[in-house]
Amino acid sequence: MLDKEPDKGQLFKYLESVFTDLEQQKIALDKSAIVAFTDIKGNITYVNDKFCEISKFSHDELIGQNHRIINSGYHEPEFFRNLWRTIAKGMVWNGDIRNKAKDGSFYWVATTIVPYLDARGKPYQYVSIRFDITKQKKQELELKHRTKQLEDFCFIVSHNLRAPLSNLLLLTSMIEGCESFEEQKLLIDRVAKPVHLLNEIFNELIASLQIRQDGEIKRESLFLQDCFDKIVESLNVEVLYPDSSIRSNFTKAPTIQYPKKYLMSIMQNLLSNAIRYGSPDRKLKVEVKSYEKNGSIWMEVKDNGIGIDMKANGKKLFGLRKTFHHNHDAKGFSLFITKTQVETMGGSIHAESELGKGSSFYVQFNKNDSI
Amino acid sequence: MKAIDTLYLVDDDDTYQFIVERTLASFDLVKSIKIFSNGKLAIDFLEAAIDNPDQVPDIILLDLTMPVMDGWQFLENYLLLKPRIGKKITIYVVSSSIDPTDMERAKAISEVTDYIVKPLSKEKLISLLGSLA
């Protein structure tokens, strides 16, 4: 500050130092933040390089445009009404906004908008200062998703384990309170079933958790046909289902680089599903083939079974499911395990089905997997 | 305690069916117990028995997760039948699910008296039936 009436030279020096300070502050701000100025209607009058960089628009494409050009349509109209009400009153607004870049991609910015006020206290322009928080927002959403998944997992596991466990508790207390030996024997005979069920559910649970720990599981060169034949043999298909026809053709994509454990498990789960949900009205026919499409290796497992009501159950198909007690094979984890294995290896799986006609499962093993 | 005339057990778990049946028999709590392995079997039976008060239940123990027709679908169909039933029926949902969305959904249905998480112990079963008599 100047403490007495300055002469011209002093004033010039003083102003120069103020401008230099301001210039330095602007450089500091431009280096760190995404900055834009707009007029009171929201038309852009200035953007810095960081704004152009993140929005992927050029300086010239932005100047004169309304700020809506980067609106992503994500927020409710009320969100922006509130923003405008605040700054039009001359107050500072803070918040997180999702914007849309020129190429259609989205980015999140922590935003502060400060009105510049005239002598009467009315805004004549606004400056917005933003910081890119896209990464944090993504992590936040991912975390929410994972939390929800874990919660569901917990509920399903609890449900599926609770059913046989509560039967065991009740049977045990009945055995304890039982007076005749005959009666006791009868009750003890009933214990085996829930114990086995509990054991199977537990094993599947361990298997599905195992996948998450495998992380860097090793790929090896595998012949699809060899693996499939082993599965057919292990399921004892010829003996147990002599009427069924199981055909396979892996000539279009005969080999794959994949973890053997996973490939065997995927084949086993899909084939046993096809067998389990065979239609009582016709002989079971399963066709399995591999092929190359869009640089990936695919496997298709097609059956003529009872089919799936995709409208009612399509979304839940690969999720964890609560189990039905009457069906001993369906413990609710097998398709979930399959999906987790496929996705862990960078692939994808989906199903098509029509009730009463049959189902087809498509596994895309991994993108750009060469033979 | 007065015995209850008719109880429906709607649950696909045969071990659980066995347990409930034996517990009820040993205490002489219910004159007649009918067991159905899914909602469809129960609703079809109820519809056919609607004019026969002996066959219409006083109490239904209903599981949620069942094949063919689950507990929710059973309740929807029950609501349609209800105006034609000339008897008060008490329904308890008895499930292994501890998912709060299941619990809230069940409690929002006025026909459901309570939601019970398995195991349904002998003591709990007796007190349920006792509150009814």
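Definitions and limits used
- Residues numbered from 1 in each chain as written.
- Chains lettered and ligands numbered in written order.
- Predicted model: local features only at pLDDT ≥ 70, side-chain atom pairs only at ≥ 80, totals over all residues.
- Heavy atoms only, no water.
- Helix = DSSP H or I, 4+ residues; strand = E, 2+ residues; numbered from the N terminus.
- Rg over C-alpha atoms; globule rule 2.2 N^0.38 Å.
- Buried < 20%, exposed > 50% of the residue type's maximum accessible area, 1.4 Å probe, protein only.
- Contact = heavy atoms within 4.5 Å.
- Areas by Shrake-Rupley, 256 points an atom, 1.4 Å probe, with all protein chains shown as cover.
- Pairing = 2+ DSSP bridges.
- Axes fitted to C-alpha atoms, helices over the stretch in contact; angles between N-to-C directions.
- Patch = residues over 30% accessible without salt bridge, like charges linked within 9 Å, V, L, I, M, F, W, Y side chains within 5 Å.
- Salt bridge = Lys/Arg side-chain N within 4 Å of Asp/Glu carboxyl O.
- Lys, Arg positive; Asp, Glu negative; His and termini not counted.
- Charge placed at Lys NZ, Arg CZ, Asp CG, Glu CD.
- Buried area = accessible area lost by both parts, 1.4 Å probe.
- Phe/Tyr/Trp six-rings, centres within 6.5 Å; stacked < 30°, edge-to-face > 60°.
- Lys NZ or Arg CZ within 6 Å of the ring centre and 35° of its normal.

Caption draft 1: Representation of the overall build of chain A in the model. When you go through chain A residue by residue, the secondary structure sums to 12 helices and 12 strands. Taking 2.2 N^0.38 as the reference for a compact globule, 371 residues should give roughly 21 Å; the C-alpha atoms of chain A span a radius of gyration of 33 Å, well beyond that estimate. Judged by the C-alpha coordinates and their principal axes, chain A covers about 115 × 65 × 35 Å. In chain A, which comprises 371 residues, the proportion classed as buried is 41%. Taking the intrachain contacts of chain A between residues at least 6 apart in sequence as the baseline, contacts between residues at least 24 apart amount to 60%. Summed over all atoms, the accessible surface of chain A reaches about 22,200 Å², with 54% contributed by carbon and sulfur.

Caption draft 2: Broad picture of the sheet that holds strand β10 (residues 296–303) of chain A. Residue and element names in this part refer to chain A. With respect to topology, five strands assemble into an open sheet ordered β7-β9-β10-β12-β11, the strand pairing being mixed. Whereas interior strands pair on both sides, the edge strands pair on one side only; in this sheet they are β7 (245–249) and β11 (348–354). For this sheet the average axis-to-axis angle between neighbouring strands, irrespective of direction, equals 15°. Running over the sheet, helix α12 (residues 334–344) touches β11 and β12 (358–364) and is turned about 140° from β11.

Caption draft 3: The pairing of strand β9 (residues 285–293) of chain A, seen in detail. Residues and elements named next belong to chain A. Here β7 runs beside β9; their pairing, made up of five bridges, is parallel. Considered in β9, the bridge of Ser248 is made with Val288. As paired strands, β9 and β10 are joined by eight bridges and run antiparallel to one another. Considered in β10, the bridge of Val286 is made with Asp303.

Caption draft 4: Representation of a negative patch on the surface in the model. Residues and elements named next belong to chain A. On the surface, a cluster of negative charge is made up of Asp226, Asp229, Glu233 and Glu238. Mapped onto the elements, Asp229 comes out in helix α8 (residues 224–234). Take Asp229: its relative accessible area is 38%, and that puts it in the partly exposed class.

Caption draft 5: The sheet that holds strand β1 (residues 34–38) of chain A, seen in detail. All names here are of chain A. Taken in spatial order, the five strands make up an open sheet running β2-β1-β5-β4-β3, and their pairing is antiparallel. Every interior strand has two partners, whereas the edge strands, β2 (44–47) and β3 (93–100), have only one. Strand-to-strand twist of the sheet, defined as the mean angle between neighbouring strand axes without regard to direction, takes the value 30°. Two elements, strand β4 (residues 106–117) and strand β5 (residues 123–132), share nine bridges in a ladder whose sense is antiparallel. Across the sheet, the residue bridging to Thr112 is Ile129, located in β5. Together, β3, β4 and β5 form the strand contacts of helix α4 (residues 77–88), whose direction differs from that of β3 by roughly 135°.

Caption draft 6: Here's a closer look at the interface of chain B and chain A. Counting residues at the interface gives 25 residues for chain B, matched by 22 residues for chain A. Where chain B abuts chain A, roughly 2,200 Å² becomes buried across the two surfaces, and 63% of that area is made up of carbon and sulfur atoms. Together, Phe18(B), Thr65(B) and Ser96(B) form the three largest contributors to the area buried by chain B at its contact with chain A, with a combined 25%. Put simply, chain B and chain A have two salt bridges between them.

Caption draft 7: Looking closely at a nonpolar patch on the surface. Residues Leu11(A), Leu15(A), Phe19(A) and Leu22(A) make up a contiguous nonpolar surface patch of about 380 Å² in total accessible area. Along the chain, Phe19(A) falls in helix α1 (residues 8–32).

Caption draft 8: Representation of the pairing of β10(A) within the structure. Residue and element names in this part refer to chain A. Burial analysis of β10 places seven of its eight residues in the buried class, which makes it a mostly covered element. Hairpin connection of β9 to β10: two residues between the antiparallel strands, including Asn294 at a positive phi of 50°. Note: β10 against β12, five bridges, orientation antiparallel. The residue of β12 that forms the bridge with Lys302 is Ser360.

Caption draft 9: Looking closely at the packing of aromatic side chains. This model, assessed by the stated rule, comprises 13 aromatic pairs over all chains. The interplanar angle of 50° and the centroid separation of 5.4 Å between the aromatic rings of Phe36(B) and Phe45(B) together place this pair among those described as tilted. Take Phe45(B): its relative accessible area is 27%, and that puts it in the partly exposed class. Taken together, Phe37(A), Tyr46(A), Tyr116(A) and Tyr124(A) form an aromatic cluster joined through their ring pairs. A cation sits over an aromatic face here: Arg98(A) above Phe106(A), 3.6 Å from the ring centre. One cation-aromatic arrangement involves Lys293(A) over Trp298(A); the distance from NZ or CZ to the ring centre is 4.7 Å.

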